[in-house]
Amino acid sequence: MVLPLELLQQFKTSDFPNPQEYEVWQRRNLKLLEAGLVLHPYLPLDEIDTRPRQLQHIIHGALVKPMDTGKHSESMQVLRNLATSLACRSFDGSSPEICHWADGTPLNIRFYQILLEACFDVNDQTSVIEEVDEVLEIIKKTWVILDIDQMFHNICFSWVLFHRYVSTSQVEKDLLFAADNLLSEVANDAKAVKQPSCSQTLSSLLGLILGWAEKRLLAYHDSFYRDNVDIMQSLLSMGLSATKILVEHNSRNYQKKKKEVDVEFSSVDTYIRASMLSAFSQEKERLISSRKSSKKQQNSLPNLSILAQNVTDLAFNEKEIYSAVLKRWHPIATGVAVATLHACYGSELKKFVSGISELTPDALQVLIAADKLEKDLVQMAVADAVDSEDGGKSLIKEMTPYEAEAVIANLVKSWIRTRIDRLKEWVNRNLQQEVWNPHANKERFAPSGVEVLRSIDETFEAFFLLPIPMHPALLLELMNGLDGCLQNYILKAIYGCGSRSTFVPTMPALTRCSAGSKFSVFRKKERPPMVLHKKSHSGTTDGDDSFSIPQLCVRINTLHCIRKELDVLEKRTISQLRDNLRVHDDNLVNVLGKGFELSAAACLEGIQQLSEAIAYKVIFHELSHVFWDYLYVGDVSSSCIEPFLQELEKNLEIISATVHDRVRTRVITKVMKASFDGFLFVLLAGGPSRSFLLADAAIIDEDLKFLMDLFWSDGDGLPADLIDKFSTTLKGILPLFHTDTAILIEQFEHAVQDNFAPSAKSRLPLPPTSGNWSPTESSTIMRVLCYRNDKMATKFLKRNYNFPKKL
């Protein structure tokens with residue numbers, strides 16, 4: 001029997017005290033029909049079946065206007081036919097004589113939910129009545145009739161509390177807390193549910209709860225904040241309980257406890273990633289919108305720089321507010337959140353970096369902000385995951401590095417290369433125009449040297465003004481590049497200036513003059529005044545004035561100035577680095593202190609080479625007319641050293657007046673050494689125009705003393721010990737010119753026999769010329785014999801070596 005149909009047809013308006021009560025009674029029975037046959041049917045409805053919709057249409061019409069329920073009423077007949085046909089359905093499709101439409105769990109649950117609504121205050125929908133315990137005891141007496149047990153009660157009451165919380169605008173959070181507690185009990189008992197109808201009801205209610213909860217949990221930043229995060233915890237607990245129960249019923253293999261943890265873990269992981277992605281997108285859109293609305297306002301920071309700071313705030317906010325709740329189910333909740341933010345920002349940064357081609361303020365600001373953001377996020381992730389199973393390795397691996405520092409480094413390297421290339425072009429162009437004028441400035445160094453140092457200093461200043469996190473490697477690369485430019489300048493400055501070998505004549509072949517001969521052309525009474533062959537003191541090689549002695553002195557001054565400024569530049573650079581980074585690393589200082597090694601070495605070598613070039617150019621080129629072409633040519637007594645000393649003194653004055661006082665001693669020492677070397681060269685390799693009597697030795701001694709006195713200059717010149725040091729070889733050889741020829745021959749023979757095996761008893765081997773003159777060295781003694789003007793020497797050399805009398 002479909003009881004509501006019978007009641008509607010049996011009772012009339014006259015059976016009630018008044019028509020209003022009858023109408024209420026009629027609506028109640030119609031709603032009961034709708035609940036049992038349409039809303040909560042015993043058997044599931046077929047979607048293509050139109051009867052449920054027809055029945056609902058009739059019922060809803062009767063709820064608005066009471067219907068005629070008489071036996072012969074057409075509307076009643078239609079209602080009966082529809083209701084009976086729906087009530088008499090069976091699982092196997094047959095038409096049973098007995099219908100069980102009101103026996104099903106779905107309708108019973110609905111009845112029970114309506115009963116539970118009695119626990120709420122009629123006048124305050126969010127409040128539970130004081131007598132709730134007594135009412136629940138009464139309601140529980142229906143369990144036998146409705147086939148309800150404790151677990152069903154918990155499910156239904158949890159749903160009722162949850163539904164009441166949602167339907168009353170979520171103002172009473174105690175309702176949610178109570179629903180959460182009940183659902184936790186359901187989760188513990190859910191494994192015992194085996195009836196299909198019970199499982200279906202359970203899945204239906206839990207699906208509704210989970211759907212509503214996940215809508216908020218997948219974007220929990222939109223719904224929860226510091227003051228209501230406790231609600232988030234309860235909602236999350238309910239959602240995870242519902243998920244776990246549903247998974248248990250959907251998978252009978254769900255046995256291991258680890259899988260239970262995995263369900264909760266994976267769900268929370270999904271919520272974190274989805275909500276963080278949503279929060280990031282909203283932050284980005286909010287920033288873009290605010291920028292569009294404030295176009296007139298001057299804001300120099302690029303969008304991604306601001307977004308980086310906002311993402312940092314999001315991360316710290318997440319850790320402080322939400323992670324404390326989420327960690328109950330996800331031990332590395334903060335780590336997952338920051339990893340998600342890291343990936344979101346990384347995607348935006350990648351697009352930005354792909355469009356960067358040069359170092360610009362905006363690019364630097366964004367990359368610096370990204371680098372700082374990444375450091376903050378990685379630090380948070382590492383700290384959060386340190387106690388996890390893998391120590392956070394998988395999480396860190398997930399965070400693909402931004403490599404902002406590498407991008408910055410590459411941009412700075414490109415900037416450095418551009419600066420270095422410009423400086424190289426400048427050096428090459430300006431050195432071609434440099435005239436090395438000693439009067440260009442009072443310091444007497446080249447303007448190009450001043451300019452190249454100024455350019456290097458400006459480059460360093462520009463480098464330190466770059467708003468980048470300084471890296472010693474970048475600074476060292478800049479220093480190495482500038483070092484190369486400066487070395488190039490130095491090498492070009494000394495190129496073509498010559499060296500000792502450039503100016504020293506080729507050593508002539510050994511010859512022998514006739515015994516007792518003197519070339520009349522060199523006799524003193526016939527020698528013309530020295531001015532006939534005198535060259536200008538500023539005489540040049542190949543007519544190029546840029547290589548004159550004063551110009552060479554300017555080159556030395558320039559290299560000395562560069563070398564001195566390098567020390568200042570290094571100290572200033574290290575100081576700037578320390579000020580910018582607060583770095584006090586001695587190792588770093590040592591590394592940077594070697595940044596201009598090439599230039600420093602090139603300066604020292606260049607000064608050495610130029611000093612030597614000046615020295616030998618003065619002696620063998622500038623003064624060749626009073627030295628190589630004159631000294632001891634012919635008669636020794638009439639071609640002494642005095643004219644050479646007079647001209648040398650004038651050149652020394654020019655050098656002293658031009659060369660910087662810090663390198664003056666070095667240059668003049670080189671000139672002294674060149675004069676001593678030249679003096680020996682004249683004595684031992686002067687060619688066939690020179691020969692010496694034993695009596696000439698005293699003149700030679702006196703000339704050497706005059707030469708040494710010139711450099712000592714009554715104590716105002718070079719130190720006496722320095723003069724003695726460089727004249728040692730010369731003074732050691734001069735006694736050979738005082739030695740009798742027979743003794744010289746004997747010394748020569750002993751020296752040859754000690755050092756060389758004679759090829760035949762009749763002739764001594766000819767010793768090779770080493771150029772390293774020594775009073776005990778065979779070739780030195782031989783040369784003294786070659787230039788000895790007496791018969792014994794001539795006879796000895798003729799017999800043993802058959803030297804020609806002239807070349």
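Note that the coordinates shown come from a computational prediction; the quantities given were computed from them, not determined experimentally. (Residues numbered from 1 in each chain as written. Predicted model: local features only at pLDDT ≥ 70, side-chain atom pairs only at ≥ 80, totals over all residues. Heavy atoms only, no water.)

**Student:** Please give an account of the overall build of the chain that cites residues and values.
**Tutor:** When its secondary structure is counted, the chain shows 32 helices and 0 strands. Relative to its 807 residues, the chain shows a buried fraction of 48%. In the chain, of all internal contacts separated by at least 6 residues, the share reaching a separation of at least 24 is 76%. Of the roughly 40,700 Å² of accessible surface on the chain, 52% is carried by carbon and sulfur atoms. (Helix = DSSP H or I, 4+ residues; strand = E, 2+ residues; numbered from the N terminus. Buried < 20%, exposed > 50% of the residue type's maximum accessible area, 1.4 Å probe, protein only. Contact = heavy atoms within 4.5 Å. Areas by Shrake-Rupley, 256 points an atom, 1.4 Å probe, with all protein chains shown as cover.)

**Student:** Any details on the environment of Leu-718? Residues and values, ideally.
**Tutor:** Looking at where Leu-718 falls in the secondary structure, it is placed in the loop between α27 (696-712) and α28 (720-733). Between the C-alpha atoms of Leu-718 and Ile-668, which are 50 residues apart in sequence, the distance is 8.1 Å. Ignoring sequence-local partners within four residues, the contact set of Leu-718 consists of Thr-665, Ile-668, Thr-669, Met-672, Phe-711, Trp-712 and Ile-723.

**Student:** Give a detailed account of empty space enclosed by the protein, specifying residues and quantitative values.
**Tutor:** Going through the model one piece at a time under the given rule, you end up with 1 cavity of 30 Å³ or more. In this structure, the largest cavity encloses a volume near 70 Å³. Contributing to the lining of the largest cavity are Gly-36, Leu-37, Pro-41, Tyr-42, Leu-43, Leu-86, Ala-87, Arg-89, His-100 and Trp-101. Broken down by secondary-structure element, the contributors of at least two residues to the lining of the largest cavity are α2 (19-39) and α4 (74-87). Class assignment of the residues belonging to the lining of the largest cavity gives a composition of 7 nonpolar, 2 polar and 1 charged. (1 Å grid on protein atoms, 1.4 Å probe; cavity = no way out; pocket = protein on both sides within 12 Å on 5 of 7 lines; lining within 4 Å. Points joined across faces, edges and corners; volume = space filled by probe spheres on them. Nonpolar A, V, L, I, M, F, W, Y, C, P; charged D, E, K, R; others polar.)

**Student:** I'd like a description of the packing of helix α8 (residues 150-167) against helix α9 (residues 173-189), backed by residues and values.
**Tutor:** Running from amino to carboxyl end, α8 crosses α9 at an angle of 155°, the nearest separation of the two axes being 8 Å. As summarised for this structure, α8 and α9 are arranged roughly antiparallel, according to the angle between their axes. α9 is crossed by α8, and the crossing has left-handed handedness. Packed against α8, whose contacting residues are Met-151, Asn-154, Ile-155, Phe-157, Ser-158, Leu-161, Phe-162, Arg-164 and Tyr-165, the element α9 presents Lys-173, Leu-175, Leu-176, Ala-178, Ala-179, Leu-182, Leu-183, Glu-185, Val-186 and Asp-189 at the interface. Here the residues of the contact of α8 with α9 sort into 13 nonpolar, 2 polar and 4 charged. (Axes fitted to C-alpha atoms, helices over the stretch in contact; angles between N-to-C directions. Parallel < 35°, antiparallel > 145°, perpendicular 65-115°, else oblique. Left-handed = near helix turned anticlockwise from the far one by under 90°.)

**Student:** Describe the layout of surface pockets, and please don't skip the residues or the numbers.
**Tutor:** The space that makes up the largest pocket amounts to roughly 580 Å³. Considering the residues around the largest pocket, the lining is formed by 22 residues, among which Leu-39, His-40, Pro-106, Thr-201 and Ser-204 are closest to the centre. Counting only elements with at least two residues in the lining of the largest pocket, the list comes to α5 (105-116), α8 and α10 (196-217). When residues of the lining of the largest pocket are assigned to their parent elements, the largest contribution, 6 residues, is made by α10. Residue composition of the lining of the largest pocket, by class: 11 nonpolar, 9 polar and 2 charged.

**Student:** Can you tell me about the packing of helix α18 (residues 404-433) against helix α20 (residues 472-494), naming the residues and giving the values?
**Tutor:** Put simply, α18 and α20 touch, their axes get as near as 10 Å, and they point 10° apart. With respect to α20, the element α18 is oriented roughly parallel. Here Ala-409, Val-412, Lys-413, Ile-416, Ile-420, Leu-423, Lys-424, Val-427, Asn-428 and Leu-431 of α18 lie close against α20, whose contacting residues are Leu-474, Glu-477, Leu-478, Gly-481, Leu-482, Cys-485, Asn-488, Tyr-489, Lys-492 and Ala-493. The class makeup of the residues in the contact of α18 with α20 is 13 nonpolar, 3 polar and 4 charged.

**Student:** Quick rundown of unusual backbone geometry? Include the residues and the values.
**Tutor:** Of note in this structure, Ser-169 is not a glycine but carries a positive phi near 65°. Note that Ser-169 resides in the loop between α8 and α9. The exposure class of Ser-169 is exposed, given its relative accessible area of 56%.

**Student:** If you had to explain the nonpolar core to someone new, which residues and values would you point to?
**Tutor:** Membership of the largest hydrophobic core comes to 221 residues, with the highest contact counts inside it found for Tyr-345 and Leu-648. With 14 residues, the single largest contributor to this core is helix α26 (residues 661-685). Apart from residues no more than four positions distant in its own chain, Tyr-345 is found in contact with Phe-280, Leu-304, Ser-305, Leu-307, Ala-308, Val-311, Val-366, Ala-370, Leu-373 and Tyr-402. Val-2, Leu-37, Val-38 and Met-67 belong to the second-largest nonpolar core, a separate cluster that totals 25 residues. (Core = buried A, V, L, I, M, F, W, Y, C linked by side-chain atoms within 4.5 Å.)

**Student:** Any details on the side chain of His-660? Residues and values, ideally.
**Tutor:** Turning to its location among the elements, His-660 is positioned in the loop between α25 (642-658) and α26. A polar contact is formed between the side chain of His-660 and the side chain of Asp-661, at a distance of 2.9 Å. Look past the residues within four positions of His-660 in its chain and what remains in contact with it is Glu-443, Asn-557 and His-560. (Polar contact = N/O pair within 3.5 Å; in protein donor to acceptor, adjacent residues only side chain to side chain.)

**Student:** Can you tell me about the side chain of Ser-241, naming the residues and giving the values?
**Tutor:** Structurally, Ser-241 can be placed in helix α12 (residues 229-250). With a relative accessible area of 10%, Ser-241 lands in the buried category. Here Ser-241 is in contact with Leu-183, Ser-184 and Ala-187, once residues within four sequence places are set aside.

**Student:** How would you summarise the packing of aromatic side chains if you had to cite specific residues and measurements?
**Tutor:** The full count for this structure, using the stated rule, is 25 aromatic pairs. Residues Tyr-220 and Tyr-322 carry aromatic rings whose centres are separated by 5.2 Å and whose planes lie at 50° to one another, so their mutual orientation is tilted. Of this pair, Tyr-220 sits in helix α11 (residues 220-223) while Tyr-322 sits in helix α14 (residues 303-326), placing them 102 residues apart in sequence. The same class applies to Tyr-220 as to Tyr-322, namely buried. Ring centres 5.6 Å apart and planes at 90° place the aromatic pair Phe-692 and Phe-737 in the edge-to-face group. (Phe/Tyr/Trp six-rings, centres within 6.5 Å; stacked < 30°, edge-to-face > 60°.)

**Student:** Quick rundown of the pattern of salt bridges? Include the residues and the values.
**Tutor:** The tally for this structure, following the rule as stated, stands at 23 salt bridges. A salt bridge links Arg-226 to Glu-320, with the shortest nitrogen-to-oxygen separation between them at 3.0 Å. Of this pair, Arg-226 sits in the loop between α11 and α12 while Glu-320 sits in helix α14, placing them 94 residues apart in sequence. Residue classification places Arg-226 among the partly exposed positions, given a relative accessible area of 46%. Residue Glu-320 is classed as exposed on the basis of its relative accessible area, which comes to 53%. Two residues, Asp-269 and Arg-273, come together in a salt bridge whose shortest N-O distance is 2.7 Å. With Asp-269 and Arg-273 both in helix α13 (residues 257-293), this residue pair falls 4 residues apart, about one helical turn. Residue class for Asp-269 comes out buried when judged on its relative accessible area of 14%. A relative accessible area of 26% places Arg-273 in the partly exposed class. (Salt bridge = Lys/Arg side-chain N within 4 Å of Asp/Glu carboxyl O.)

**Student:** Please provide a residue-by-residue account of the confidence of the model for the chain, values included.
**Tutor:** Chain-level pLDDT for the chain is 86 on average; 89% of the residues reach the 70-or-more range. Low confidence marks residues 253-258, where pLDDT is under 50. Its contacts with residues over four positions away, or in another chain, come to 7 contacts. The low-confidence segment residues 515-543 (pLDDT under 50) makes 60 contacts with residues lying over four places distant or belonging to another chain. (pLDDT = per-residue confidence, 0-100.)

**Student:** Run through the environment of Gln-433, naming residues and quoting values.
**Tutor:** Residue placement: Gln-433 occurs in helix α18. Assessed through its relative accessible area of 57%, Gln-433 is described here as exposed. When the C-alpha atoms of Gln-433 and Ser-448 are compared, they prove to be 9.1 Å apart, with 15 residues separating the residues in sequence.

**Student:** How would you sum up the environment of Gln-608? Please name residues and give values.
**Tutor:** Structurally, Gln-608 can be placed in helix α24 (residues 597-622). Given the relative accessible area of 37%, Gln-608 is considered partly exposed.

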